[in-house]
Amino acid sequence: MTHSKTALLLIDAQASFPARDYWDEDLAHDWRPRQRAVLNAAQAHNIPVIRILHEEPGSQGPFDPDYGLIRPLDDFNDDVAVTYHKRAHNAFTDTSLGDWLREHGIERLAISGIRTEQCCETTARVASDLGFSVDFISDATLTFPMTRHGITWSADDIKARTELVLEGRFARIISTHDMINEWQNTRE
């Protein structure tokens, strides 16, 4: 497998999230070094990085472009190959991402970013359905606890569930460490 046909998706690593009431800086603190390591490795190995930003015009919240938060998180304002703004949960439905990937001969996507079970998982599923091979770098995705019917699911619970439903169906689950090692050991 050559990584010349691979792209890294950096999904929704944007300033909108810290403005949400569920933002947990401790969880983000654990995620940041892994996300940074994946970005650095992609850049070092000439793997194009594609930034995806989520927006909700008219929502009168942090994802509304009028609030000025539809921009990369400070730690992740790297130069990228291309940036897409989406309104759907996945990065394909309302963007030309698929066309860009095909035009550039991309066959494999490495997925990272925010939120694990939402935009990252949804993008992985759609990418797989569109014929792309998907590496879901689970520990380079970030999510937050959620409560339903009085039961709180931890971020770890949500990640484990996402890995369970994606593995072998829509994506290969891989760690940051293993993804970086694979990129380093792949010869053109």
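Heads up: the structure comes first, above all this text.
Quantities reported herein were computed from a predicted structural model and do not represent experimental measurements.

Trainee: Pulling in residues and values, what's your account of the pattern of salt bridges?
Mentor: According to the stated counting rule, one finds 12 salt bridges in the structure shown. Between R32 and E25 there is a salt bridge whose closest N-O contact spans 2.5 Å. Judged by relative accessible area, R32 falls into the buried class, the value being 18%. E25 sits in the partly exposed class, given a relative accessible area of 40%. In this structure, R161 and E121 form a salt bridge, with 2.7 Å as the shortest nitrogen-oxygen distance. Taken together, the residues R161 in helix 4 (residues 155–166) and E121 in helix 3 (residues 116–129) connect sequence positions 40 residues apart. Classification of R161 as partly exposed rests on a relative accessible area of 39%. Sharing partners across several salt bridges, the network here consists of R108, D135, R172 and E182.

Trainee: How would you sum up the packing of aromatic side chains? Please name residues and give values.
Mentor: Tallying each qualifying case throughout the model produces 5 aromatic pairs. Ring centres of F17 and F63 lie 5.0 Å apart, and the angle between their planes is 80 degrees; this geometry places the pair in the edge-to-face category. With a gap of 46 residues between them, F17 in the loop between strand 1 (6–11) and helix 1 (25–44) and F63 in the loop between strand 2 (49–54) and strand 3 (82–86) connect regions that are remote in the sequence. Accessibility assignment for this pair places F17 and F63 in one class, buried. Ring centres 5.2 Å apart and planes at 55 degrees place the aromatic pair W31 and F76 in the tilted group. In this pair, W31 sits in helix 1 while F76 sits in the loop between strand 2 and strand 3, placing the two residues 45 residues apart along the sequence. Connected via pairs of aromatic rings, a cluster forms that spans Y22, W23 and F144. The positively charged end of R115 is found above the aromatic ring belonging to Y22, 4.6 Å away from the centroid.

Cut-offs applied
Residues numbered from 1 in each chain as written. Predicted model: local features only at pLDDT ≥ 70, side-chain atom pairs only at ≥ 80, totals over all residues. Heavy atoms only, no water. Salt bridge = Lys/Arg side-chain N within 4 Å of Asp/Glu carboxyl O. Buried < 20%, exposed > 50% of the residue type's maximum accessible area, 1.4 Å probe, protein only. Helix = DSSP H or I, 4+ residues; strand = E, 2+ residues; numbered from the N terminus. Phe/Tyr/Trp six-rings, centres within 6.5 Å; stacked < 30°, edge-to-face > 60°. Lys NZ or Arg CZ within 6 Å of the ring centre and 35° of its normal.

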